[in-house]
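Understanding the architecture of this molecule
Listed here are the chains, written in short residue letters.
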Amino acid sequence: PGKGYSTFLPDVHLSSPSLFQILGGRIFCTFQKGFAFVAFRKTWTPSQLGYVRGRPGVLNAGSWSENILDYFLNTKQIKTRDGAEILWYHAANSKSQMAEAIQSTAHMIEADVLLCGGDGSGEPVMAHPPETNSDITLKEWLNEAANTSKGIKLDFKSLASVNPSMKLLGDIKLRKPVWINADILPGPNGSNCAVEAKGFLDAVTSHFPNVTLSLGWTTGWINLKCNKGYSSAMMQEMAAICRDLTQPITFPVRAALVRQSISELQWLLQQSDRSTLTIWTGKCDDYTVEDLLFIRHCFDKSRIFYDILEPQKSEFRKAIGLEVPP
């Protein structure tokens, strides 16, 4: 408390200018009664600055580290602190899909990033393996996203694509939720082709120390067979990687594997109050709305998000009393 910090924050809002001191364009930060008070860049007007909830000694500010429920509540896009209220557009990996995502009712747009050509020498483009090319580059995609009120989640499929993508992201300076995702560990039925954890985290946090991280497992699903869930060993390995991280983290978990992993995932969330789950699904996965309702009952509704597909998406929202978008 009372110490000064000098770092980059993508977005900070100040409601009480008198509490701040701006020193030559650097951040001046103090902590009072559990709040982090931050001043940012002399070129910003007082109305552009603000205070955020933080912990002593930890700089946790800006919409990139803000819980997306708080962001969308503050911008009056949702009504309650319920992760099920957040709508997702998944795999906006082409110009037409991105245009559809922008026009949709989605709050968050998810897309995949890799280097064009797959040989490590191309520019970042929006594509999911086995595809290695796209009609839209990451730079073009980010420029489109910048003109919306929607948050974004970038899913990195290779370590080589991370550094050049972070530089592009820094140039855009989006003032909205940004999640950075990679599968960094092998999970149930998963391959060993995970993005190397240390390299990924070093690359991301060296550019953006406060950005929300989405850290997952490679997984597989075998129809008509008993698929094991996430094990305690997988949870412990992930918890060890995250132990020294200070930014918010969400753990993407496969819907069809969650019901058999409840106690393990509950333990993982108990390790940090900054952590959440994001439920996702493969196109051919076998799971029911009843599974989703059971999962919802087992976790705090403000700590679980649902990036799922139709028809379960609409059926689930209807079952819990939320509006089904057209």
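Residues numbered from 1 in each chain as written. Predicted model: local features only at pLDDT ≥ 70, side-chain atom pairs only at ≥ 80, totals over all residues. Heavy atoms only, no water.

Next up on the list: the environment of Ile172. Note on placement: Ile172 falls in helix 4 (residues 162-172). The exposure class assigned to Ile172 is partly exposed, which follows from its relative accessible area of 22%. The spacing of Ile172 and Asn143 is 29 residues in sequence and 7.2 Å in space, taken between C-alpha atoms. (Helix = DSSP H or I, 4+ residues; strand = E, 2+ residues; numbered from the N terminus. Buried < 20%, exposed > 50% of the residue type's maximum accessible area, 1.4 Å probe, protein only.)

Let us look at the environment of Ile109. Within the secondary structure layout, Ile109 lies in strand 5 (residues 108-115). Put simply, Ile109 and Val178 are 69 residues apart on the chain and 9.8 Å apart in space, counted from C-alpha to C-alpha. Dropping the residues within four chain positions of it, Ile109 is found in contact with Tyr89, Ala92, Met98, Ala101, Ile102, Trp141, Lys150, Gly151, Ile152 and Lys153. (Contact = heavy atoms within 4.5 Å.)

Attention now moves to the pattern of salt bridges. Taken as a whole and assessed by the stated rule, the structure comprises 7 salt bridges. Between Arg81 and Asp70 there is a salt bridge, and its shortest N-O distance comes to 2.3 Å. Residue Arg81 is found in the loop between helix 1 (68-74) and strand 4 (88-89), and its partner Asp70 is found in helix 1; the two are separated by 11 residues along the sequence. Residue classification places Arg81 among the partly exposed residues on the basis of a relative accessible area of 36%. By relative accessible area, which is 28% here, Asp70 ends up partly exposed. (Salt bridge = Lys/Arg side-chain N within 4 Å of Asp/Glu carboxyl O.)

Below, the discussion takes up empty space enclosed by the protein. One pass over the structure, following the stated rule, counts 1 cavity of 30 Å³ or more. The calculated volume of the largest cavity comes to roughly 60 Å³. Lining the largest cavity are Ala84, Ile86, Leu87, Tyr306, Ile308, Lys313, Phe316 and Arg317. Take the lining of the largest cavity: its biggest share by element is 3 residues, from helix 10 (residues 312-319). Residues belonging to the lining of the largest cavity are distributed by class as follows: 6 nonpolar, no polar and 2 charged. (1 Å grid on protein atoms, 1.4 Å probe; cavity = no way out; pocket = protein on both sides within 12 Å on 5 of 7 lines; lining within 4 Å. Points joined across faces, edges and corners; volume = space filled by probe spheres on them. Nonpolar A, V, L, I, M, F, W, Y, C, P; charged D, E, K, R; others polar.)

Further remarks concern the packing of aromatic side chains. Throughout the structure, instances matching the rule amount to 7 aromatic pairs. Between Trp64 and Phe208, the ring centres sit 4.8 Å apart and the planes meet at 70°, which makes this aromatic pair edge-to-face. Of this pair, Trp64 sits in the loop between strand 3 (51-53) and helix 1 while Phe208 is found in the loop between helix 5 (197-207) and strand 9 (212-218), placing the two residues 144 residues apart along the sequence. Just as Trp64 is buried, Phe208 falls in that class too. With centroids separated by 5.7 Å and ring planes inclined at 70°, the aromatic side chains of Trp179 and Phe305 adopt a geometry described as edge-to-face. (Phe/Tyr/Trp six-rings, centres within 6.5 Å; stacked < 30°, edge-to-face > 60°.)

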